[in-house]
Amino acid sequence: MIREKLSENKRDELCNQLWAVRSSPYFADPEQTLADGQYDTYIGFRSDRVVHGVLGVWASAFARKSVEHRHRSGLPLKSPVAVLVQRMVKSRAGGVLRTRHPSTGDPRQIHIVASYGVGIAVSSGRVEGDRFVVRRGDDDRAGLEIISQEIGEKDAKVDQFGFPRDVPQEQREKLSITNEVAMRLAAIGKEIDKLYDSARDIEWAWTCPEDKIYLLQCRPAAWDSLWTDYDLTHEISSGFTGKADTLTFAQADELFPRVVTPLTCTTILENLDPSTFVLDDDDEDDDDDDDEKPDRPSPIFIANMRVAFNYHHVSG
């Protein structure tokens, strides 16, 4: 059927067009089950070879790394995989746009990596690209500002047919995109982050002399769960209730992995505290004397608006 559909288009512009063939796996919870790098991607295919790329993507679903990934994620072996066939553009540069800083998770910093040629050289880790960090304001009215830029090695690039090519030395010493293009990418990333209300990992391409930016793929960021520098510094900023207190986020972090609201705090303290007490033998026999017993300290602790357990109070 795929061959028949492709053979229906006999126009010269389609026959000579280059295509990219890539996967788009379906998961019930894509935010928690990421599959970047688990399936093969093919670029620079002409129309008569697209069907081979589609079959190659489907076959890569049964490669060892893909099967192990689904096994670790609790997914069935025969998870459905859609295949995208995209018209390729003649990109002067391409790369990855991360709407939040991948190392710190800081939502105020947009991270851009760029290199010459097709952006798959950056996303696959083949090339060390140029790096831009753009600071965004706390609200929509605040502007964008490039706070750092670093020239990458860029000793090679991937051409439109997917083949590696050497980059001349004089081009390696220059940025692959201008500051103006970096600012345009940051503005796009800011809008996409606002649209999804979560960190995104975006592949892009920039054409020249048309001076157009194309977004090729947008997926949830695998590093979105990282703590920011502020989180690490103020992990347990709230004061302890005693010298022997021992706080832990283990177990509690599985149920409440992120910052909770004041309403959640009051609900947790009121309803979950009784279930975490360790009762003595005498406590189980004297149910009628509950009102006369002194109040025990709460084993649930709120540290910097995050739920923790106090082992000292649980065992005390």
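Position numbers for residues count from 1 along each chain, tracking the sequence in the order it is written. Where totals are concerned, whole chains, interfaces and linings use all residues; where local detail is concerned, this predicted model gives features only for residues with pLDDT of at least 70, and gives and counts side-chain atom pairs only at 80 or more. Side-chain calculation: all heavy atoms of the structure are included, whereas hydrogens and water are not.

Peer 1: Could you give an account of the sheet that holds strand β3 (residues 81–87), with specific residues and numbers?
Peer 2: Read from one edge of the open sheet, 3 strands run β2-β1-β3, paired in antiparallel fashion. Edge positions in the sheet fall to β2 (42–45) and β3, since each of these pairs with one other strand and no more. Each adjacent strand pair in this sheet contributes to an overall mean axis angle of 25°, direction not counted. For two strands to pair, DSSP has to find at least two bridges joining them. Each helix is a run of DSSP H or I of at least 4 residues and each strand a run of E of at least 2, with the numbering of both proceeding from the N terminus. Where strand β1 (residues 19–25) lies against β2, 2 bridges are found, and the strand directions are antiparallel. Within β2, the residue paired with Val21 across the bridge is Tyr42. The sheet strands contacting helix α3 (residues 50–60) are β1, β2 and β3, and the helix crosses β1 at an angle near 25°. Helix axes are fitted to C-alpha atoms over the stretch in contact, other axes to C-alpha atoms as well, and angles between N-to-C directions run from 0 to 180 degrees. A contact between two residues is defined here by any heavy atoms of the two lying within 4.5 Å.

Peer 1: Break down the nonpolar core for me, citing the residues and quoting the values.
Peer 2: In this text, buried Ala, Val, Leu, Ile, Met, Phe, Trp, Tyr and Cys residues form a nonpolar core when linked through side-chain atoms within 4.5 Å. Throughout, exposure labels follow a simple rule: accessible area from a 1.4 Å probe, protein chains only, divided by the maximum for the residue type, with under 20% read as buried, over 50% as exposed, and the rest as partly exposed. The biggest cluster of nonpolar side chains holds 17 residues, and the ones touching the most others in it are Ile112, Ile177, Leu185, Trp204 and Trp206. Sequence-distant contacts of Ile112, that is, excluding residues within four places in its chain, are made with Val96, Leu97, Asp130, Arg131, Phe132, Val134, Ala182, Leu185, Ala186 and Trp204. In terms of nonpolar packing, the next biggest core, distinct from the first, is built from 9 residues, Leu18, Met88, Ile120 and Ala121 among them.

Peer 1: So, unusual backbone geometry: which residues are in play, and what are the values?
Peer 2: Across the junction of Cys208 and Pro209, the peptide omega takes the value 15°, indicating a cis bond. We note that Asp211 has phi near 60°; this positive angle belongs to a residue other than glycine. The topology assignment puts Asp211 in the loop between β10 (200–207) and β11 (212–220). Classification of Asp211 by relative accessible area gives partly exposed; the value is 35%.

Peer 1: Give a description of the sheet that holds β11 that names residues and reports values.
Peer 2: One open sheet accounts for 6 strands, arranged β7-β6-β5-β4-β10-β11; its pairing is antiparallel. The open sheet has two edge strands, β7 (144–150) and β11, and neither has a second partner. With direction set aside, neighbouring strand axes in the sheet form an average angle of 20°.

Peer 1: I'd like a rundown of the pattern of salt bridges, residues and numbers included.
Peer 2: What counts as a salt bridge is simple: a side-chain nitrogen of Lys or Arg found within 4 Å of a carboxyl oxygen of Asp or Glu. What the rule picks out here adds up to 12 salt bridges. Asp193 is the partner of Arg100 in a salt bridge, and the nearest nitrogen-oxygen pair spans 2.9 Å. Here Arg100, found in the loop between β4 (91–98) and β5 (109–116), pairs with Asp193, found in helix α7 (residues 179–196); they are 93 residues apart in sequence, far enough to count as distant. One exposure class covers both Arg100 and Asp193, and it is buried.

Peer 1: Tell me about the packing of aromatic side chains, and name the residues and values.
Peer 2: Here a pair means two rings of Phe, Tyr or Trp (six-membered ring of Trp) with centres within 6.5 Å. Their orientation is stacked below 30 degrees between planes, edge-to-face above 60, and tilted elsewhere. Summed over all chains, the structure comprises 1 aromatic pair. A ring pair is formed by Tyr42 and Phe45, whose centres lie 5.6 Å apart and whose planes are at 35°; its orientation type is tilted. Its relative accessible area of 23% is what places Tyr42 among the partly exposed residues. Look at Phe45 and you get buried, because its relative accessible area is 8%. Over the face of the ring belonging to Phe45 we find Arg49, whose NZ or CZ atom lies 4.1 Å from the ring centre. Remark: a charge is flagged as sitting over a ring if the NZ atom of Lys or the CZ atom of Arg is within 6 Å of the ring centre and within 35 degrees of the ring normal. Positioned above the aromatic ring of Tyr196 is the side chain of Arg200, whose terminal nitrogen or guanidinium carbon lies 4.0 Å from the ring centre.

Peer 1: Explain the environment of Gln149 to me, using residue names and the numbers behind them.
Peer 2: The residue Gln149 is located in strand β7 in this model. A sequence separation of 17 residues divides Gln149 from Phe132, and the C-alpha atoms of the two residues are 4.5 Å apart. In contact with Gln149, other than residues within four places in its own chain, are Arg131, Phe132, Leu175 and Asn179. Under the rule applied, a polar contact is a pair of N or O atoms within 3.5 Å (in protein, one hydrogen donor and one hydrogen acceptor; residues adjacent in sequence only if both atoms are side-chain atoms). Reaching out from Gln149, the side chain makes a polar contact with the side chain of Asn179 at a distance of 2.8 Å.

Peer 1: I'd like a description of the environment of Ala20, backed by residues and values.
Peer 2: Following the sequence through the fold, Ala20 ends up in strand β1. By relative accessible area, which is 8% here, Ala20 ends up buried. It is 8.3 Å that separates the C-alpha atoms of Ala20 and Val50, two residues lying 30 residues apart in sequence. In this structure Ala20 touches Tyr42, Ile43, Leu84, Val85, Gln86 and Met88, once residues within four positions along its chain are discounted.

Peer 1: Summarise the environment of Ile147; cite the residues concerned and give the values.
Peer 2: Note that Ile147 resides in strand β7. On the accessibility criterion, Ile147 (35% relative accessible area) is partly exposed. With 38 residues separating them along the chain, Ile147 and Gln109 place their C-alpha atoms 9.1 Å apart. With near-sequence residues (within four places) excluded, Ile147 lies in contact with Gln109, Val133 and Arg135.

Peer 1: An account of the pairing of β10 is requested, with residue identities and associated values reported.
Peer 2: Taking burial as the measure, the 8 residues of β10 include 8 buried ones, the bulk of the element. Neither face of β10 is left uncovered, since the one carrying Arg200, Ile202, Trp204 and Trp206 and the one carrying Asp201, Glu203, Ala205 and Thr207 both have all their residues buried. Two strands pair when backbone bridges link them, and β4 and β10 are joined in this way by 7 bridges, in the antiparallel orientation. If you follow Arg98 over to β10, its bridge partner there is Asp201. Summarising the sheet, β10 and β11 pair through 8 bridges and their orientation is antiparallel. In the strand pairing of β11, Glu203 is matched with Gln217. Hairpin remark: β10 followed by β11, antiparallel, with 4 residues in the connecting loop; positive phi at Asp211, about 60°.

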